[in-house]
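# Structural characterization, general
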Amino acid sequence: MVRRFRGMCFLVVLVIASVILSSLVTSLSYAEKAKVTILWRDDPDEVPVLDEIIKDFNSTHPNITVEAIVVPYDEYDPKLFSMWAAGTPPDIFWCAAESGYVDHAIRDMNFTLDTLVNRDKNVINIKDFYPAAIEGATFRGDLKGLPFAQAYTAIFYNATLFDDAGIKYPTTNWTDKNWTWDKLVGIAKKLTKDINGDGKIDQYGLLDTRDLFEMAWAWGGDMFDPNVYKGYPPEKLTLDKPKNYNALLTALQKRVDLVYKDKVSPTPATQQVIEQMGPPLKTGRLGMVISGDWSIWGAMPKNYKWGIGAVPYSVPNVKKVCLYTDPLEIARTSKHPNEAWEFIKYLASPSAQKKLMEKTSRISSRQSLRKNYIEKISPLMVNTKQGLDQVLSGAFKYCQEDAEHTVFGFYKLQSVWTSETDPLWLGKKGVKEVLDTMIVKVNQAIEENLKGIVVK
Amino acid sequence: MYLLRSRRKREVLIKSFVYVILMVTSIIILIPIFWMLSTALKEDSEVYLFPPEWIPQKPQFGNFKRALTFIPFGRYFTNTSVITFATMVGSLLSSSIVAYGFARLRARGRDILFMILLSTMMIPSQITMIPVFVLFKLLNWTDTFKPLIIPNFFGGAFFIFLLRQFYMTIPIELDDAAKIDGCSYLGIFSRIILPLTKPALATVAIFSFMWSWNDFMGPLIYLNSRDKLTLTLALSRFTGMYGMTAWNLLMAASLVVALPCFVLFFFAQRYFIQGIVVTGLKG
Amino acid sequence: MKTRMSPMAKREERYFYLCISPWIAGFLIFTAGPIVASLFFSFCNYDVVTPPDWIGIQNYKRLLSDPLFWQSLKVTSYFSLVSVPLGIALSLIIAILLNQNIKGLTWFRTIYYMPSVISGVAVALLWMWIFNPEFGVLNFLLWKLFHIQGPAWLMSEEWVIPALIIMSLWGIGGDIVIYLAGLQGIPTELYEAAEIDGANSFNKFLNITIPMMSPVLLFTLIMGIINSFQVFTQAYVMTRGGPHYASLFYVLYIYQNAFQFFSMGYASALSWILFLIILVLTFLIFKSSPLWVYYESTRER
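Computed from a prediction, not measured in an experiment: that's the story for all the values here. (Residues numbered from 1 in each chain as written. Chains lettered and ligands numbered in written order. Predicted model: local features only at pLDDT ≥ 70, side-chain atom pairs only at ≥ 80, totals over all residues.)

## A short note on the overall build of chain B
The number of helices and strands found in chain B is 13 helices and zero strands. Start at the N end of chain B and walk to the C end: the helices and strands fall as α-α-α-α-α-α-α-α-α-α-α-α-α. In summary, chain B has a C-alpha radius of gyration of 24 Å against a globular reference of 19 Å for 283 residues, an excess of more than 25%. Within chain B, the proportion of its 283 residues that are buried is 48%. (Helix = DSSP H or I, 4+ residues; strand = E, 2+ residues; numbered from the N terminus. Rg over C-alpha atoms; globule rule 2.2 N^0.38 Å. Buried ≥ 20, exposed ≤ 12 C-beta atoms within 10 Å, placed from the backbone.)

Pasting the structure below:
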């Protein structure tokens, strides 16, 4: 009996011991080189180019090894926070997912880069970057990241559908006073059709994908105080001011009208189907989309011609659209901040930026490379090169950085207003009722965000 | 004579009824899988067609090759296989022994310990994810397969609970008889319990294989190096931002990745259809 | 304390602890620490990147007055209450059908198991297609076969949970496998004996199958409750909790707080409440189990 007991003891001990032993033999790293990790967002186009750029960098910088950790968009923040909590943050990261660089800065997660930019001013040449992109990486006056790319807002359209309907293309001139919202809706109506004659609309004129804060901007209002966009936490929505309130109220009504009154936009159900397949424009069943330039990312179907136009005036003399900048940040607790900076500098250099633009659909943050972008996309577009240049310069002039990046705790506020406006888009409730509850709920969320700031 | 005929008639009726139900539910289950296959065979531009089509114009079988060459399939396949196989062995070894203790042996504190075992499953893994990661960092296990494999050698609560329930369906008299014959606890475990619960052990093997094979969050959090990733993580390579997803390739790759699980299940089935059940209850 | 333990009982106890020692070791090394850590965080203001700040029971207080906490609890209970019994019944029936001696069984079993194998995002996206009110195959079939105008499913506050329940029933293959393994353990002599006594199929099912399967049913019931209270992926990928919070599952709300709202402390408090709820339910089921679970191995102590 005792022997058998020992036998069993032995078995159990063996299993445990083998486990512990194998764990003790941990690989020792001989760190002669500085290893810099960069946390990147998974993308079929971007990742191969990034790999190429890293390879070039590593071969020209013998003392530094850059390694990319690639995770899907949805898991970017969980991965970032896990690595952070374990004391091994990625040296380089950015606001690739829900949290913005301001969220990072308020929690002291990133370095201020001004000194480094000044030190290397000849290489960096900060003047070459779009001022709005630099503004979109600035926190209370400090530069917190160096943009490597950004997305711009414009109207993207299917020119073939315009030709078929015999309509003129949208203007590329952002300051054309005649280019108004009503005109846009008018064109959209002409583009909306029931092609197969089954009584159901299957070609839509317009899809406006702008978020609530952008709608408020377009209609001459604002949901936040100007200081909020500089990195100071919001204390409440500024929708208690009649001007702002009315702007958003009108904007929401106009958006609902697109679906239910003018019937030029798809219903939420149709929109879901369209968006699941890819950028809506690519289905060929949509005349115009107001969105970031991701509408024309990737391969565009060859059986259509495409174009880019200026966003119209919703109210006279007001024009502000969104810019989505991707600024690379250096982790505050990085062991190799200087080496990380070397790589960021390299990625922002004209040669690396050219490569990135050749192989992906992104536009560089360097103004001097705009002509390369135009060269690249103009074969796809019906616009002239001058037209493209005009539309791009407007898109970078009449813009402000995405509130998701610049407003503290934005994602929570956005998820509240997205949920609260659901009944509106589904046609279940009226605009005023929805807006009034939404304001209360968002203000509560703002308060919770403020309480969530951990006192150090 | 008449009785026999009517009985056979009834049997045929019941059997056809069973067939109809099985057929209908199978079709319902297969519709989504058919859709996956149809998407996997679509041309790139066809994927965007609106309204969507059910059967692709020209099936693109090349999509499977494209999908598999887009990711380092061989390397990831090896990684996933190593992790999965080790996990399966670990789960079977440890869970079967631990479950034996909980099911068959009486001891003070057993019920409390069992409740603790169950309660470890009640805290959502999302909330312990970061502390667990910190722990593995302290052990210096991050960016290795260890966090994905080694904990399984200490028994998984789900499997322990499952096996315990199965062990408890075996009559205790068998243990007593064996004891009288001079069998030790180890002997009872290996000669009575294990042979009688083969279907349950096969279930544990299949489940642990499948979960480990399809695990997403684990490899995502613990692994960094690109050459150490697993197949499930590679699937996300096809999904880009803003609807840039390559649907056809994603579906093609998903089907290929699921294939080993199908095959395993198909062949492991014989453990469920052994037919003869030896229970020793007779007499 | 009862009387002194006999040497035999002592030996049995020693073997018990020996057998379960791997799990105890694993629990102490890998599980206990993180669980205690999350308990600690639930009393802190904690955003993951800044060291936690002790705030006492404030997180728990906030929870009581948080309408979204109650909403998520409601949504999850509804889902759990319907999907668990339905899933158990359906998979038991199919398992019994699959346990018959008919042709093509191997294929049928594999088909039923298929959905459990293809997991993750691909499945969720697939179902979004199926449920789409305008182009989805479900409403198409409802119209063609029954002339019913289907609801808006995922875009309707009333129908989003039923839709997710239907989807969960698609994945019952795992339970079927467990039941099949259980059915194999029932001695055929029992059925033969019952047949001699003139029992019909229903009698046999009620008096043999159910009691003999009850330990396995207990398992699927408890795991069903634990898992249904922790539903996450479907809601995260398909509905993001919408429309208008109608599918805000509990763990989705936890996840949002933990990784998107920088409120890991609050998320931890939510988790511990969830833990307590499941624990109480499990405890009650176990307490009631002597009434309906039949163990061949039960004996007097």
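Okay, back to it.
## Remarks on the overall build of chain C
The helix and strand tally for chain C stands at 13 helices and two strands. Once the C-alpha set of chain C is aligned to its principal axes, its extents read approximately 70 × 65 × 30 Å. Buried positions account for 47% of the 301 residues belonging to chain C. Within chain C, contacts between residues separated by at least 24 positions form 65% of all contacts whose residues are at least 6 apart in sequence. (Contact = placed C-beta atoms within 7 Å.)

## Comments concerning the packing of helix H3 (residues 67–98) of chain C against helix H8 (residues 173–184) of chain C
When two helices pack together, their arrangement is captured by the angle between the axes and the distance separating the axes. All names here are of chain C. At a minimum axis distance of 8 Å, the contact between H3 and H8 shows a crossing angle of 50°. When the axes of H3 and H8 are compared, the pair comes out oblique. The crossing of H3 and H8 is right-handed. Packed against H3, whose contacting residues are Gly87, Ser91, Leu92, Ile94, Ala95, Ile96 and Leu98, the element H8 presents Asp175, Ile176, Tyr179, Leu180 and Leu183 at the interface. (Axes fitted to C-alpha atoms, helices over the stretch in contact; angles between N-to-C directions. Parallel < 35°, antiparallel > 145°, perpendicular 65-115°, else oblique. Left-handed = near helix turned anticlockwise from the far one by under 90°.)

## Here's the deal with the nonpolar core
Judged by nonpolar contacts, the single largest core of 307 residues is most densely connected at Ala216 and Leu248 of chain A together with Ile160 of chain B. Those residues in contact with Ile160 of chain B that sit more than four places away from it in its chain are Ser95, Val98, Ala99, Phe102, Leu117 and Gly155 of chain B together with Trp23 of chain C. (Core = buried A, V, L, I, M, F, W, Y, C linked by C-beta atoms within 7 Å.)

## Focus: unusual backbone geometry
Residues and elements named next belong to chain C. Of the consecutive residues Gly242 and Pro243, the connecting peptide bond is found in the cis state with omega at -5°. Looking at where Pro243 falls in the secondary structure, it is placed in the loop between helix H11 (233–239) and helix H12 (250–260). Positive phi outside glycine occurs at Val48, with the angle close to 80°. The residue Val48 is located in the loop between strand S1 (44–45) and strand S2 (53–54) in this model. Classification of Val48 by C-beta neighbours within 10 Å gives buried; the count is 23.

## Re H12 of chain C
With respect to burial, H12 of chain C is a largely interior element, ten of its eleven residues being buried. Looking at the packing, one finds that the buried side of H12 of chain C touches helix H3 (76–85) and helix H18 (410–425) of chain A, helix H5 (125–138) of chain B together with H3, H11 and helix H13 (264–292) of chain C. The first or second residue beyond H12 of chain C is Phe262 of chain C, which carries a positive phi of 60°.

## So, the confidence of the model for chain C
Summarising the model, chain C shows a mean pLDDT of 90, and 97% of its residues fall at 70 or more. Reported confidences for the modelled complex are a pTM of 0.92 and an ipTM of 0.91. (pLDDT = per-residue confidence, 0-100.)

## As for the confidence of the model for chain B
All names here are of chain B. Model confidence for chain B is summarised by a mean pLDDT of 86, while 90% of its residues fall at 70 or above. Put simply, helix H1 (residues 2–40) is where chain B has its lowest mean pLDDT, 83, and helix H6 (residues 146–149) is where it has its highest, 96. Per-residue pLDDT stays below 50 along residues 275–283; that stretch engages in ten contacts with residues further than four places along the chain or on separate chains.

## Some remarks on the interface of chain C and chain B
Taken together, the contact between chain C and chain B spans 79 residues of the former and 82 residues of the latter. Residue contributions to the side of chain C that touches chain B peak at 19 residues, all from helix H1 (residues 7–41) of chain C. Here the side of chain C that touches chain B is composed, by residue class, of 54 nonpolar, 18 polar and seven charged. (Nonpolar A, V, L, I, M, F, W, Y, C, P; charged D, E, K, R; others polar.)

## Notes on the domain arrangement of chain B
All names here are of chain B. The domains assigned to chain B are domain 1 (2–62) and domain 2 (72–271). Once you take the C-alpha centre of each, domain 1 and domain 2 turn out to be 31 Å apart. Between domain 1 and domain 2, the residue contacts involve seven residues of the former and six residues of the latter. Grouping the constituent residues of the side of domain 1 that touches domain 2 by class yields four nonpolar, one polar and two charged. (Domains from an automatic or database assignment.)

## A look at helix H19 (residues 431–451) of chain A
Residue and element names in this part refer to chain A. A rise of 1.5 Å per residue sets the reference length of H19, with its 21 residues, at 30 Å; its end C-alpha atoms lie 30 Å apart and thus fit the reference within 8%. Looking at H19, one finds that the buried residues are Val434, Leu435, Met438, Val442, Ile446 and Asn449. The buried residues of H19 occupy one face: seen down the axis, they fall within an arc of 100°. Exposed side of H19, more than 90 degrees from the buried face: Glu433, Val440 and Glu447 are the residues found there. (Expected span 1.5 Å × (residues − 1). Arc of directions from axis to C-beta.)

## Some details on the environment of Asp215 of chain B
On the secondary structure map, Asp215 of chain B appears in the loop between helix H10 (198–214) and helix H11 (217–222). Once the C-alpha coordinates of Asp215 of chain B and Thr232 of chain B are considered, the two residues, 17 residues apart in sequence, prove to be 6.9 Å apart.

## Quick look at the pairing of strand S10 (residues 321–330) of chain A
Residue and element names in this part refer to chain A. Among the ten residues of S10, ten are classified as buried, and the element is accordingly described as predominantly covered. Sheet topology note: the strand S6 (residues 146–158)/S10 ladder contains six bridges and is antiparallel. Bridge assignment links Pro147 to a residue of S10, and that residue is Pro327. Of the pairings in the sheet, the one linking S10 to strand S11 (residues 399–401) comprises three bridges and is parallel in character. Bridging across to S11, Cys322 finds its partner in Gln400. (Pairing = 2+ DSSP bridges.)

## A short note on the pairing of S6 of chain A
Residues and elements named next belong to chain A. Most of S6 sits out of view: 13 of its 13 residues are buried. Sheet analysis places S6 next to strand S8 (residues 286–292), joined by five bridges and oriented antiparallel. Note on S8: the bridge partner recorded for Phe156 is Val289. The sheet contact formed by S6 and strand S9 (residues 306–309) spans four bridges and is antiparallel. Within the sheet, the bridge partner assigned to Tyr157 lies in S9 and is Gly307.

## Some points on the environment of Val251 of chain C
Within the secondary structure, Val251 of chain C sits in helix H12. Not counting the four nearest positions on each side in its chain, Val251 of chain C is found in contact with Pro124 and Gln126 of chain B together with Gln230, Val231 and Phe232 of chain C.

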